[in-house]
Amino acid sequence: RARVTCDDEGGGVVAMGGGKQKRVSSTGKVIPKSVLKQKKGTSKSAASRYVTRNQALNRLQLKLGDFRRLCILKGIHPREPKKKSQGQGKTYYHVKDIAFLHHEPLLEKFRELRAYARKLKRAKAKSNYVALDRLRENTPKYELSHLVLERYPTFNDALQDLDDPMTLTSLFAVLPSVNRHNIAPEIVARSEQLAREFKSYCVRTHALRKVFISVKGIYYEAEIEGEKITWLEPHALSQTVPEDVDYRVMLTFLEFYQDLLSFVNFKLYKEAGLQYPPMLNEEMEDAAAGLAAVVHKLAREADSAAHAKALPAGSSEAAAVEARAKSLKAKLASIAANQDEEDEDEEAAAAMDADAVDDSEMTSEQRECSKIFDGLVFFINREVPRNMMIFIIKSFGGEVCWDGEGSPYDADDAAITHVVIDRPTTNMKLNPKVVYIQPQWVCDCANWRVLIPPDGYAPDTEAPPHLSPFVGADDDGYTPEYAKTLLKLQEEARAIRNGVPLIRVTDEDIVVIDDTTQAAMDEKRYRKELEAEMKGVPYSKSLAAAAESEDDEDASEDEDEDDDDADDDDDDDADDDSDNDSDDSQREPKSRLTVDMALSEKDKIMRDQLTKGSEEEQMKKMSYMLLPRKKRELYKAMQIGIAKKEKRAAELTKLAEEHKQAKKRAAGEKDASTPKRAKKASTSSRKK
């Protein structure tokens with residue numbers, strides 16, 4: 001009989017007759033000697049580094065759904081090996097990733113949940129309601145806090161990866177609860193709470209930087225501790241739930257993102273010295289006030305209140321407090337009338353201290369954002385999305401009110417300065433003391449950090465183009481006309497804010513720029529930019545060249561002024577003539593370079609193509625400058641091809657004309673020679 005000895009790897013050693021031993025695998029097959037001689041770790045083939053999904057499921061002893069959940073929670077993705085040894089239509093994972101999953105504590109929890117589901121199904125089938133209630137009370141639960149710490153070792157790592165969590169959480173915050181997709185009301189409420197807490201922190205710290213309204217939703221960008229966080233929030237409309245989406249995958253991502261957001265919010269609130277979770281004003285919460293219902297409270301006040309509530313009822317400390325309260329009851333009653341007003345003032349001051357942020361702790365950008373709408377009160381009309389307007393206006397220092405319960409101001413309050421409206425005002429009674437604006441004005445002012453004149457944003461007028469703050473001139477190489485206007489307003493506002501007058505300062509004198517001079521300078525700059533665009537020079541390079549040319553012009557003006565002063569000081573005219581002659585001799589000769597020499601052959605062809613036709617056709621051709629860079633290059637290549645074809649056609653036409661002329665000349669010579677031959681023939685016949 002053979003004797004088998006098992007080892008740790010699942011295989012074993014079989015003792016054969018005659019003292020021979022053979023090594024077998026876990027399935028009982030004899031391992032060849034060539035495989036035994038091969039050292040571990042020497043195989044570098046793709047088959048040893050990657051496994052298929054079915055092989056991973058067999059190793060982990062999991063179902064496909066649990067394996068997907070585990071990979072999402074752990075952040076493990078499929079790989080694409082260069083050589084797919086098991087076939088092309090299979091999903092591959094790295095061996096190290098599967099080994100990493102082997103030691104995950106959630107494996108045991110998933111197995112418990114699978115066993116729990118089987119018990120629950122059996123109890124329902126047998127109508128054992130006692131066991132059913134007992135099982136529902138003892139549902140297995142698991143936590144993901146260790147995964148958050150494992151995937152994000154530092155707080156900055158979590159902030160850098162906060163774009164997708166905020167986007168998905170904001171999406172589920174507006175979705176309806178659907179049982180067939182396992183979207184429970186608790187998930188929706190939890191998502192709404194986490195998104196509101198994060199946005200409330202952005203409002204208090206003035207961290208919002210950019211806003212853009214698109215068809216997909218509203219794009220926001222906030223800057224927290226030097227990290228820029230961009231997320232998309234759906235419009236405040238009734239959402240439809242499509243049927244072709246795998247909500248199990250989305251809910252798994254949401255499960256991890258909710259834990260991550262709760263940790264991030266807790267950390268942000270504690271660093272700001274605020275109580276977490278924040279308190280809610282019940283009256284405003286019932287009125288669906290959104291962000292306006294959040295009441296920030298300092299952490300030290302919350303801790304002291306919690307400590308006061310935590311005193312045991314029968315302890316000596318509680319008895320001492322009760323005795324002291326009885327002894328002071330008469331004294332408090334005597335001064336209650338005078339003390340009420342002082343207490344109210346102290347509470348109001350404490351509330352203002354909790355809501356206000358110290359200027360010394362704010363950065364220059366936070367200080368600038370907090371003063372955009374400072375002192376302005378906006379009334380939100382009922383057709384305007386309230387939560388969006390509250391988030392933007394309060395982030396930039398303004399106050400918000402609306403018509404309904406929970407509003408801090410009445411609809412006819414004299415403190416209201418602006419009314420945000422998005423409907424026609426033909427049959428409405430307007431207040432002449434209030435400015436009526438469209439919602440786009442609020443977003444544009446927030447993006448450009450300046451109070452734009454509201455004339456173009458009146459309710460019954462077409463608003464200017466809503467420019468995206470996420471795309472600049474350096475990205476697209478093109479600056480719209482309205483963006484140039486807003487940039488000029490931004491420069492003027494910053495100059496006024498910093499106390500710098502709008503003048504041009506030189507070394508010796510100060511030149512005030514009036515409207516005529518400014519218009520001439522703008523026209524000159526526009527011509528230079530247009531010439532640079534025709535040559536194909538990028539906008540950023542043209543700006544740098546314009547700055548260098550201005551410096552050169554200033555330097556040349558200074559040199560000319562110095563020469564003029566030196567000439568005025570000289571009394572002798574002969575000396576002046578000699579100086580001028582020497583200056584002329586020392587002056588460099590005029591350059592013989594022309595614009596055509598600086599242009600390439602393709603640029604010359606494009607210039608000739610653009611100058612053809614009437615003025616309308618030329619302007620239509622110039623519109624190709626508005627295209628993106630790739631399309632502009634394609635258009636340029638197309639025009640160059642057309643020019644080459646036209647040139648070749650002109651050459652062929654010229655050759656055809658020359659050929660026709662040669663034929664005509666040959667035909668004329670032939671016609672001239674035929675009469676002579678006929679005359680000779682007639683004379684010869686007469687002689688005969």
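Residues numbered from 1 in each chain as written. Predicted model: local features only at pLDDT ≥ 70, side-chain atom pairs only at ≥ 80, totals over all residues. Heavy atoms only, no water.

When you look at helix α12 (residues 247–271) in this model, what are you seeing that I'm missing?
Working note: α-helix, 3.6 residues per turn, so residues spaced by three or four point in the same direction. Taking 1.5 Å of rise per residue, 25 residues should cover 36 Å, and α12 covers 35 Å from first to last C-alpha, within 8% of that figure. N-capping of α12 is provided by D246, with a side-chain oxygen placed 3.3 Å from the backbone N of R248. Within two residues after α12, G273 carries a phi angle of roughly 75 degrees, on the positive side. (Helix = DSSP H or I, 4+ residues; strand = E, 2+ residues; numbered from the N terminus. Expected span 1.5 Å × (residues − 1). Polar contact = N/O pair within 3.5 Å; in protein donor to acceptor, adjacent residues only side chain to side chain.)

Before we go on, may I ask you to explain a positive patch on the surface in this structure?
Taken together, the side chains of K63, R118, K119, R122, K126 and R134 define a basic patch exposed on the protein surface. The element that contributes the greatest number of residues to the positive patch is helix α6 (residues 106–125), accounting for 3 residues. Its location among the elements puts K126 in the loop between α6 and α7 (129–137). (Patch = residues over 30% accessible without salt bridge, like charges linked within 9 Å, V, L, I, M, F, W, Y side chains within 5 Å. Areas by Shrake-Rupley, 256 points an atom, 1.4 Å probe, with all protein chains shown as cover. Salt bridge = Lys/Arg side-chain N within 4 Å of Asp/Glu carboxyl O. Lys, Arg positive; Asp, Glu negative; His and termini not counted. Charge placed at Lys NZ, Arg CZ, Asp CG, Glu CD.)

Can you help me understand helix α11 (residues 185–205) in this one?
Relative to the 30 Å expected for 21 residues at 1.5 Å per residue, α11 spans 31 Å between its end C-alpha atoms, a close match to the ideal helical length. Downstream of α11 by one or two residues, H206 has phi in the positive range, about 55 degrees.

Can you help me understand the sheet that holds strand β14 (residues 435–437) in this one?
In sheet architecture, strand pairing relies on hydrogen bonds along the backbone and comes in two forms, parallel and antiparallel. Strands sit in the order β12-β11-β13-β14 across an open sheet of 4 strands; the sheet is parallel. Sheet topology places β12 (399–402) and β14 at the edges, where each strand pairs with a single neighbour. Put simply, the sheet's adjacent strands are angled 30 degrees from each other on average, direction ignored. Packed onto the sheet, helix α19 (residues 386–395) meets β11 (377–380), β12 and β13 (418–420) and runs at close to 160 degrees relative to β12. (Pairing = 2+ DSSP bridges. Axes fitted to C-alpha atoms, helices over the stretch in contact; angles between N-to-C directions. Contact = heavy atoms within 4.5 Å.)

What is the right way to look at the sheet that holds strand β6 (residues 208–213) in this model?
Read from one edge to the other, the open sheet built from 3 strands follows the order β6-β7-β8, with strand pairing classed as antiparallel. The open sheet has two edge strands with one neighbour each: β6 and β8 (227–233). Pairwise comparison of adjacent strand axes, ignoring direction, gives a mean angle of 15 degrees for this sheet. Bridge analysis of strand β7 (residues 218–224) against β8 gives 7 bridges, and the strand direction is antiparallel. Considered in β8, the bridge of I224 is made with E227. This element, α19, spans β6, β7 and β8 of the sheet and lies at about 145 degrees to β6.

Please clarify how the confidence of the model for the protein should be interpreted in this entry.
Reading fine detail from the predicted coordinates is not recommended where pLDDT is low. Mean pLDDT for the protein: 77, with 69% of residues reaching 70 or above. Across the protein, the element-wise mean pLDDT spans from 44 in strand β15 (residues 503–505) up to 95 in β7. Scored below 50 in pLDDT, residues 503–511 makes 9 contacts in the model with residues more than four places away or belonging to other chains. Segment residues 582–586: pLDDT under 50, and 0 contacts once partners within four positions in sequence are set aside and those in other chains are kept. (pLDDT = per-residue confidence, 0-100.)

Help me understand the packing of helix α4 (residues 64–74) against helix α5 (residues 95–102), please; the structure alone is not making it clear to me.
Two packed helices can be described by the angle between their axes and the distance between those axes. At a minimum axis distance of 11 Å, the contact between α4 and α5 shows a crossing angle of 95 degrees. By the angle between their directions, the pair α4 and α5 is classed as roughly perpendicular. Between α4, through F67, L70, C71 and K74, and α5, the contact on the second element is made entirely by I98, F100 and L101. Of the residues assigned to the contact of α4 with α5, the class counts are 6 nonpolar, no polar and 1 charged. (Parallel < 35°, antiparallel > 145°, perpendicular 65-115°, else oblique. Nonpolar A, V, L, I, M, F, W, Y, C, P; charged D, E, K, R; others polar.)

Would you explain the pairing of β7 in this entry?
On a regular strand, each side chain points to the face opposite its neighbour's, so the side chains alternate between the two faces of the sheet. β7 sits mainly inside the fold: 5 of its 7 residues count as buried. Two elements, β6 and β7, share 5 bridges in a ladder whose sense is antiparallel. Counted as the bridge partner of K210 is E221 from β7. Hairpin connection from β6 to β7: 4 residues lie between these consecutive antiparallel strands. The antiparallel hairpin formed by β7 and β8 contains 2 residues in its connecting segment, where E225 sits at a positive phi of about 55 degrees. (Buried < 20%, exposed > 50% of the residue type's maximum accessible area, 1.4 Å probe, protein only.)

Honestly, the nonpolar core in this entry has me stumped. Any pointers?
Side chains of nonpolar character tend, in soluble globular proteins, to be buried together. In terms of nonpolar packing, the biggest core is built from 94 residues, with F373, F378, I392 and V442 touching the most fellow members. If sequence neighbours within four positions are ignored, V442 has contacts with F373, F378, M389, I392, I393, V420 and I437. (Core = buried A, V, L, I, M, F, W, Y, C linked by side-chain atoms within 4.5 Å.)

How do you make sense of the pattern of salt bridges when you look at a structure like this?
Opposite charge on two side chains lets them pair, provided their charged atoms get close. Scanning all chains against the criterion turns up 18 salt bridges. E108 is the partner of R111 in a salt bridge, and the nearest nitrogen-oxygen pair spans 3.7 Å. Of the two residues, R111 and E108 both sit in helix α6, 3 residues apart, roughly one turn of that helix. Assessed through its relative accessible area of 30%, R111 is described here as partly exposed. The class for E108 is partly exposed, based on a relative accessible area of 46%. Residue R449 pairs with E365 through a salt bridge whose shortest N-O separation is 3.5 Å. Remark: E365 occurs in helix α18 (residues 364–369) and R449 occurs in the loop between α20 (439–448) and α21 (473–476); sequence separation between them is 84 residues. Residue class for R449 comes out buried when judged on its relative accessible area of 10%.

Any chance you could explain the environment of R204 here in plain terms?
Note that R204 resides in helix α11. Given the relative accessible area of 9%, R204 is considered buried. As for R204 and K394, which are separated by 190 residues in sequence, their C-alpha atoms are 8.2 Å apart.

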